[in-house]
Each structure stands twice: as structure tokens, then as C-alpha cells.
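# Descriptive structure summary
So the chains spell out like this:
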Amino acid sequence: MDKLAALNFLPQEQLYLANAHEKNELHRYRWLALSFLPIAPPVSHLMQTIGMECVNRLDNLQDVAKRMNLEACIDELSLKKPYPFYNKKKPHFFVVDEPMGIQILEGAEETARETYKFFSWLLETNATPELHQLLFSFVTQKNNEYRVIQECREQWGTSFSEPVTRYRG
């Protein structure tokens, strides 16, 4: 017997897990957007845009939960206090230099990859037809999100190391 087949969750559990994870992602991307605002407004805007995609996914989860008459498993989570995504022991809230930016983007990339794996796992263990398309689209979007953050991190390193030259034509 396949190990994943034995790990099927009830639909309300899958909705709860997906919703909780996506709410945490939303708060994390909002924190990242604020952190990069002073030093890299384009990166801040990217993180804000990804956060808005989280809002869209949360809305889609809500719609599917309503259609399945399971909106209570999502509504109860919204009453809980959001998890703080900043480490109070870190010396800065804002990104202040290149090494710090690289470190934070590496962490964002790692987390995006783990989130992609998490939603892939939810899709693989899904036994509810009503959730298949939703989870499949989440996996696709999370893979794209991971790739975009990966590119952002790669470009961040080159944007500081290359000298800025003006075109003299």
C-alpha cells in the first residue's frame, strides 16, 4: 500500500491546513514587503504582489469551503491572532544592506520551496474531488512563486555587485 494513500485527510482538515498555511504566508509576505521598502522598493512591491496572491487564494479557499458547507473550519481560524513573522532578537526590522538582503531573500526562497512542497503534499494526499482543482492551482501558483523569488534573489546579488554606468551615446 502506498504510504500517501494512508495519509488522507478529511476535507475540513485539508481546508483548515491550507487556510492556516496561506494566512501565515500572507503575513510573512507583508512583513517582507515592509522590510525591503527602504532599500529595495521593487523587491518590496514584488513581496506585496505575492501577498495579494495569498489573499486571492484565501478567497478561493473560502468559496470552496462555502460550496462544501465547511466554511466553519476556515472561519474559526480567522479569529486567531496571526503568528508574528519577525524575530524580536534580530537587530533590524528593515533590510539595511546587501548581505542582510541576500540572507532574507535566501530565507524567503527556502520558505517558498517548502510551501510548494506542502501544497504538493496536500494535493497528493487529497481524496476529495471538490478540492482537487483548488489544490492543483495552489501547487502551480506556489511553484511559480518559488521561481519568482529565486530569480529575485539571483538578481539581488548582481544588482549590488555590478557598477552602475551611464549610457554615453
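Residues numbered from 1 in each chain as written. Predicted model: local features only at pLDDT ≥ 70, side-chain atom pairs only at ≥ 80, totals over all residues. Heavy atoms only, no water.

### Section: the pattern of salt bridges
One pass over the structure, following the stated rule, counts ten salt bridges. Residue glutamate 25 is joined to lysine 142 by a salt bridge in which the shortest nitrogen-to-oxygen separation is 3.9 Å. In this pair, glutamate 25 sits in helix H1 (residues 11-36) while lysine 142 sits in helix H5 (residues 129-161), placing the two residues 117 residues apart along the sequence. In this pair, the class of glutamate 25 matches that of lysine 142, namely buried. Beyond isolated ion pairs, a larger network of salt bridges with shared partners links Glu22, Glu25, Arg28, Arg57, Lys142 and Glu145. (Salt bridge = Lys/Arg side-chain N within 4 Å of Asp/Glu carboxyl O. Helix = DSSP H or I, 4+ residues; strand = E, 2+ residues; numbered from the N terminus. Buried < 20%, exposed > 50% of the residue type's maximum accessible area, 1.4 Å probe, protein only.)

### A short note on the packing of aromatic side chains
Applying the stated criterion to the full structure yields seven aromatic pairs. Where phenylalanine 93 meets phenylalanine 94, the ring centres are 5.0 Å apart and the plane angle is 85°; that geometry is what we call edge-to-face. One aromatic cluster is present, formed by Phe9, Phe118, Phe119, Trp121 and Phe138 through successive ring pairs. The lysine or arginine in question, arginine 28, covers the ring of tyrosine 29, its NZ or CZ lying 4.4 Å from the ring centre. (Phe/Tyr/Trp six-rings, centres within 6.5 Å; stacked < 30°, edge-to-face > 60°. Lys NZ or Arg CZ within 6 Å of the ring centre and 35° of its normal.)

### Quick word on a nonpolar patch on the surface
Among the surface-exposed residues, Leu34, Leu37, Phe93, Phe94 and Val96 lie close enough to one another that they form a single nonpolar patch of about 430 Å² accessible area. Mapped onto the secondary structure, leucine 37 falls in the loop between H1 and helix H2 (41-67). (Patch = residues over 30% accessible without salt bridge, like charges linked within 9 Å, V, L, I, M, F, W, Y side chains within 5 Å. Areas by Shrake-Rupley, 256 points an atom, 1.4 Å probe, with all protein chains shown as cover.)

### Points about helix H4 (residues 98-124)
Across its 27 residues, H4 extends 39 Å between first and last C-alpha, which sits within 8% of the 39 Å expected from 1.5 Å per residue. The distance from a side-chain oxygen at the start of H4 to the backbone nitrogen of methionine 100 is 3.0 Å, and the residue carrying that oxygen is aspartate 97. (Expected span 1.5 Å × (residues − 1). Polar contact = N/O pair within 3.5 Å; in protein donor to acceptor, adjacent residues only side chain to side chain.)

### Describing the confidence of the model for the chain
For the chain, mean pLDDT is 85; residues scoring 70 or higher make up 78% of the total. Looking at the elements of the chain, mean pLDDT is at its lowest for helix H3 (residues 72-78), recorded as 70, and at its highest for H2, recorded as 97. Low confidence marks residues 161-169, where pLDDT is under 50. Its contacts with residues over four positions away, or in another chain, come to zero contacts. (pLDDT = per-residue confidence, 0-100. Contact = heavy atoms within 4.5 Å.)

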